[in-house]
Structures are given as structure tokens and as C-alpha cells.
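# Chain and residue survey
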Amino acid sequence: MSGVYKPIRISEKVYWVGAIDWTIRDFHGYTTKRGSTYNAYLVLAEKVTLIDTVKAPFKEEMMERISALVDPKEIDYVISNHSEMDHSGCLADVIREVEPEMVFASVMGAKALKEHLSIEDEINPVKDGEKLSLGNMNITFMETRMLHWPDSMFSYLHEEKLLFSQDAFGMHLASDERFADEVRQDIIEYEAATYYANILLPYSQLVLKLLEKVAASGLDIRIVAPDHGPVWRKDLPWILGLYRNWAEQKPTKKAVVLYHTMWHSTEYMARAIEEGLLAGGARVKVMSMESFHRSDVAFEVLSAGALIAGSPTLNNNMLPAMADVLTYLKGLRPINLIGAAFGSYGWSGESPKQVYDMLSEMKVDLLGDPLRAKYVPDKGTLLRCFDLGKAIAARLNSAV
Ligand code: FEO
């Protein structure tokens with residue numbers, strides 16, 4: 001061991017012993033421009049307890065941070081709140097090395113660790129609301145199934161009023177700061193929203209139910225320690241309020257105009273739609289797939305009331321980058337969107353209808369038929385695009 005990696009105290013008896021990944025830029029299709037952290041926590045209770053582990057290549061970094069506090073063999077319990085590999089990829093090795101007395105996971109987590117990660121050691125399944133004594137401290141488990149995997153759960157440490165929330169309230173942000181209040185608020189808000197849009201958005205109805213469940217539980221939560229990014233010790237109402245807003249996705253006056261273009265014709269249409277939206281009083285984000293990543297688009301759609309998408313036709317299909325982003329967005333299941341489809345073509349011209357069908361499958365409330373332009377949009381077509389933008393802006397205005 002190098003001895004360079006140190007733990008960071010986050011409350012009286014709890015230390016961050018995770019790892020910082022400054023270089024990761026792709027997290028299963030989500031671009032992580034600021035890297036990430038894999039947070040593991042050590043609770044120095046009578047029963048020394050490790051909460052989650054880290055991505056496999058970072059195991060030694062975590063073990064060094066632990067070793068600066070205790071001999072890892074002194075770890076009595078390991079709790080796995082989430083079995084995705086960024087938190088459990090080294091769990092089997094850690095169990096072998098540490099030989100804890102017991103390992104705990106949710107009922108689904110125990111199954112996942114065995115089936116997915118071939119962990120043969122005995123995992124003790126815990127139920128929603130079940131309590132665990134750490135001797136002088138106590139944990140209550142809260143199942144958070146499908147947020148965002150079937151195995152996901154929270155662990156609440158009563159004596160420190162601390163909620164270990166695995167992916168929830170996390171963000172992909174590599175930084176020296178371990179607390180959210182130490183980081184610029186615009187960065188925190190952007191990264192938390194991007195994380196929500198790209199990871200949790202499909203489960204928004206469950207998020208709303210979970211927020212109610214946490215409020216009804218009467219748990220006095222003062223610190224939230226997620227598995228990615230900084231720990232929340234201030235501004236908890238702020239991040240909880242943001243989660244409620246993102247989960248509700250109430251209609252807004254913002255429109256995202258999403259397109260790809262070959263020879264600028266579809267781009268001319270996008271810009272005319274943009275002008276119509278602006279003339280109608282909407283806010284607009286124009287996103288060419290040449291310039292933006294799909295996860296940037298997800299971030300913008302999270303706060304949008306309209307999604308207008310366009311592509312020219314290439315070999316009887318929409319451009320590949322449009323198929324990519326629309327497939328991604330469809331999986332994220334945004335709600336409360338109105339929209340339209342458009343695009344240029346030379347001869348067959350299937351693409352605008354394909355875009356329209358994808359938006360329709362996403363349950364976007366579509367205005368009119370797909371708007372098409374042969375070769376280069378003429379003045380009349382551009383005016384129709386402008387009018388489409390104005391009509392969408394009028395609908396947005398009436399919805400908010
Ligand atoms: Fe950070 Fe769902 O793993």
C-alpha cells in the first residue's frame with residue numbers, strides 16, 4: 001500500500017473511504033464530462049460497518065483509505081445498498097480479504113449479487129423497514145426498488161441522522177470537495193440534474209412515491225451520503241425540492257429543437273421553427289446532433305415542455321445520430337411534452353415520418369403532420385416552420 005490515500009470524516013463516526021475517478025467520460029452511454037466518484041463509507045460503530053464498495057479498479061484506493069482508520073480485518077459488517085458494478089465490482093474480493101461476519105443487501109440485492117456477480121458468500125437479505133444493530137448504533141433499511149435497479153435500497157444511520165442513499169441524490173462529479181456546499185452551486189445543480197435526467201428520469205413516479213415515503217417515515221435526516229459525488233449536509237430541502245420538480249416534469253415554456261442535417265436544409269427548418277417559438281414567447285434550446293451528446297439532450301429535455309425533432313432522409317432512414325438520441329430519449333420516458341417532426345429530403349423522404357413515429361411512441365403530444373421540405377426549404381416552407389414554432393409556443397403558453 002502506498003499510504004497516500006486518506007479517509008475523510010463526514011460525521012462523528014462516519015468516514016468517506018471511496019475513490020475519485022477523474023478520467024471516466026462514458027457511463028453506459030451518459031457522457032461524464034467531470035468524471036465521477038465511487039463513494040464507500042466506513043461506520044466506526046462497535047460493529048465496524050462498510051457501506052458499499054467501489055468500482056473494481058479502485059479497490060486498493062478504498063482499502064488504503066480504510067486501512068488508515070482500522071485494519072480491514074476489523075470490518076464486521078458490509079452493507080451493499082446497490083449491486084451495480086460501480087459499487088460492487090470489487091465486493092467479492094473485499095469479502096474474501098476482510099472476511100466480515102455478515103454481508104447485507106436487499107432481498108433483490110442478495111439475488112443480484114449471487115446471479116450477476118457470482119458472489120457465492122452468504123448474503124443476508126434484509127426487508128424494507130428492517131433494523132440492524134451495530135452495537136452502539138442502529139441502521140434501518142429502506143427498500144427503493146427500481147431506483148434505479150431492482151436491488152436498490154437506502155440505509156439510515158439513526159445516531160448520525162445520516163441516510164446512505166446509493167445512486168439517489170448523486171452526481172457524476174470528480175472533485176476534491178467531499179461536501180456539496182463546498183462546490184459552486186451552478187455546477188452542483190447542473191450535475192445533479194444531468195444525473196437525474198440520464199439515470200432516474202424513467203422512474204419519476206417511483207421517485208415521487210419515495211419522497212412521500214421518506215417524509216412519512218418521520219426519519220430526521222441531516223446528512224445524505226450518496227454513492228456518487230459530494231455529500232449533502234446543508235441545503236437538503238433544496239435538493240429534495242429539485243427532485244420533486246424533476247420527477248413531476250410540469251409543463252414549461254421551454255422548447256428543445258433537436259435535429260441533424262446533411263446539407264443544412266433541415267437546419268434551416270430548425271432555425272425557422274426556433275424563430276417562430278421565440279416570436280410566440282417560448283424559450284428555445286436548439287441542439288444539433290453534430291454538436292451535442294445524447295446526455296446533454298436528456299438534460300435539456302428534463303426542463304422542457306416541447307420537443308421538436310428533425311432529420312433529413314439518408315438511404316430511406318433518419319440519420320444515425322437522430323436514431324441514437326431518439327432511442328435514448330424514448331428509454332428515459334420523459335412526460336408532459338408536446339412536439340412536432342420535420343426534415344428535408346431529396347426523393348423518398350421517409351425520415352420525418354420516422355421521427356414523428358418515434359416521438360409518438362414516446363407519447364409526445366404532436367401538433368400536425370410531419371413537416372417536410374424537398375431539397376432546400378423555400379420561403380413558403382420556412383414560413384410554415386415559423387408558424388409551427390408559433391403554434392407550439394402558443395400551446396406552451398397556455399399550459400403553464
Ligand atoms: Fe452508481 Fe446504479 O450505479
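Residues numbered from 1 in each chain as written. Predicted model: local features only at pLDDT ≥ 70, side-chain atom pairs only at ≥ 80, totals over all residues. Heavy atoms only, no water.

### Quick word on the overall build of the protein
A count of helices and strands for the protein gives 12 helices and 24 strands. Along the first, second and third principal axes, the C-alpha set of the protein runs to 75 × 40 × 35 Å. In the protein, buried positions account for 58% of the 400 residues. The long-range share in the protein, meaning contacts at least 24 apart out of those at least 6 apart in sequence, stands at 74%. For the protein, the exposed area adds up to about 16500 Å²; of that, 52% sits on carbon and sulfur atoms. (Helix = DSSP H or I, 4+ residues; strand = E, 2+ residues; numbered from the N terminus. Buried < 20%, exposed > 50% of the residue type's maximum accessible area, 1.4 Å probe, protein only. Contact = heavy atoms within 4.5 Å. Areas by Shrake-Rupley, 256 points an atom, 1.4 Å probe, with all protein chains shown as cover.)

### Remarks on the sheet that holds strand E11 (residues 124-126)
Read from one edge to the other, the open sheet built from seven strands follows the order E1-E2-E7-E8-E9-E10-E11, with strand pairing classed as mixed. Every interior strand has two partners, whereas the edge strands, strand E1 (8-9) and E11, have only one. Sheet analysis places strand E8 (residues 49-51) next to strand E9 (residues 77-80), joined by three bridges and oriented parallel. What sits directly across from Leu50, in E9, is Val78. (Pairing = 2+ DSSP bridges.)

### Structural notes on the sheet that holds strand E16 (residues 223-226)
Ordered in space as E12-E13-E14-E15-E16, the five strands form an open sheet in which the pairing is mixed. Two strands lie at the open edges of the sheet, namely strand E12 (131-133) and E16, each paired on one side alone. Averaged over all pairs of adjacent strands, the angle between strand axes in this sheet comes to 25°, irrespective of strand direction. With four bridges connecting them, strand E15 (residues 162-166) and E16 associate as parallel partners. In the strand pairing of E16, Phe164 is matched with Ala225. Docked against the sheet, helix H6 (residues 204-217) engages strand E13 (138-143) and strand E14 (153-157), running at close to 150° with respect to E13. (Axes fitted to C-alpha atoms, helices over the stretch in contact; angles between N-to-C directions.)

### Describing the side chain of Asn124
Tracing the backbone shows Asn124 in strand E11. Setting aside residues up to four positions removed in sequence, Asn124 forms contacts with Met102, Val103, Phe104 and Ala105.

### Things to note about unusual backbone geometry
Cis rather than trans, the peptide bond between Leu147 and His148 has omega equal to 0°. Here His148 shows up in the loop between E13 and E14. Look at Phe169: it is not a glycine, yet its phi comes out positive at around 65°. Considering the arrangement of structural elements, one finds Phe169 in the loop between E15 and helix H5 (185-200). At Asp235, a position not held by glycine, the phi torsion is positive, near 60°. By secondary structure assignment, the location of Asp235 is in the loop between E16 and helix H7 (236-248). Classification of Asp235 by relative accessible area gives partly exposed; the value is 40%.

### A look at the packing of aromatic side chains
In the structure shown here, the tally under the stated rule is 11 aromatic pairs. Ring centres of Tyr77 and Phe104 lie 5.2 Å apart, and the angle between their planes is 85°; on these two criteria the pair is classed as edge-to-face. With a gap of 27 residues between them, Tyr77 in strand E9 and Phe104 in strand E10 (residues 102-106) connect regions that are remote in the sequence. By relative accessible area, Tyr77 is classed as buried at 7%. An angle of 45° between the planes, with centres 5.6 Å apart, marks the rings of Tyr196 and Trp246 as tilted. Separated by 50 residues along the polypeptide, Tyr196 in helix H5 and Trp246 in helix H7 bring together distant segments of the chain. An aromatic cluster of three or more residues is present, and its members are Phe169, Tyr196, Tyr243 and Trp246. The residue whose ring lies beneath Arg233 is Phe179, and the NZ or CZ to ring-centre distance is 3.8 Å. Here the basic side chain of Arg294 rests over the ring of Tyr328, its NZ or CZ set 5.7 Å away from the ring centre. (Phe/Tyr/Trp six-rings, centres within 6.5 Å; stacked < 30°, edge-to-face > 60°. Lys NZ or Arg CZ within 6 Å of the ring centre and 35° of its normal.)

### Remarks on the domain arrangement of the protein
One can read the domain layout of the protein as domain 1 (8-248) and domain 2 (254-393). Here domain 1 and domain 2 have C-alpha centroids that lie 38 Å from each other. Taken together, the 16 residues of domain 1 in the interface contact 14 residues of domain 2. Area buried by domain 1 at its contact with domain 2 is led by Asn198, Leu201 and Pro202, which between them contribute 37% of it. Here domain 1 is connected to domain 2 by one salt bridge. Between Asp296 and Lys33 there is a salt bridge, with its nearest N and O atoms 2.6 Å apart. Across the domain 1-domain 2 interface, the total number found is six residue pairs in polar contact (both at pLDDT 80 or more). Listing elements by their share of the side of domain 1 that touches domain 2, those giving two or more residues are strand E5 (30-31), H5 and H7. (Domains from an automatic or database assignment. Buried area = accessible area lost by both parts, 1.4 Å probe. Salt bridge = Lys/Arg side-chain N within 4 Å of Asp/Glu carboxyl O. Polar contact = N/O pair within 3.5 Å; in protein donor to acceptor, adjacent residues only side chain to side chain.)

### Concerning the pairing of E9
Of the two faces of E9, the one holding Tyr77 and Ile79 and the one holding Val78 and Ser80 are both buried throughout. Remark: the E8/helix H1 (residues 59-67)/E9 crossover connection has right-handed handedness. (Right-handed = clockwise from strand over helix to strand, strands pointing away.)

### Some thoughts on the packing of H1 against helix H3 (residues 91-98)
Interhelical geometry of H1 versus H3 gives an angle of 40° and a closest axis separation of 11 Å. Relative to H3, the element H1 lies oblique. Once H1 is placed against H3, the crossing between them reads as right-handed. Contacts between H1 and H3 involve Lys59, Met62 and Met63 from the former and Asp93, Val94, Glu97 and Val98 from the latter. A class-by-class count of the residues in the contact of H1 with H3 yields four nonpolar, no polar and three charged. (Parallel < 35°, antiparallel > 145°, perpendicular 65-115°, else oblique. Left-handed = near helix turned anticlockwise from the far one by under 90°. Nonpolar A, V, L, I, M, F, W, Y, C, P; charged D, E, K, R; others polar.)

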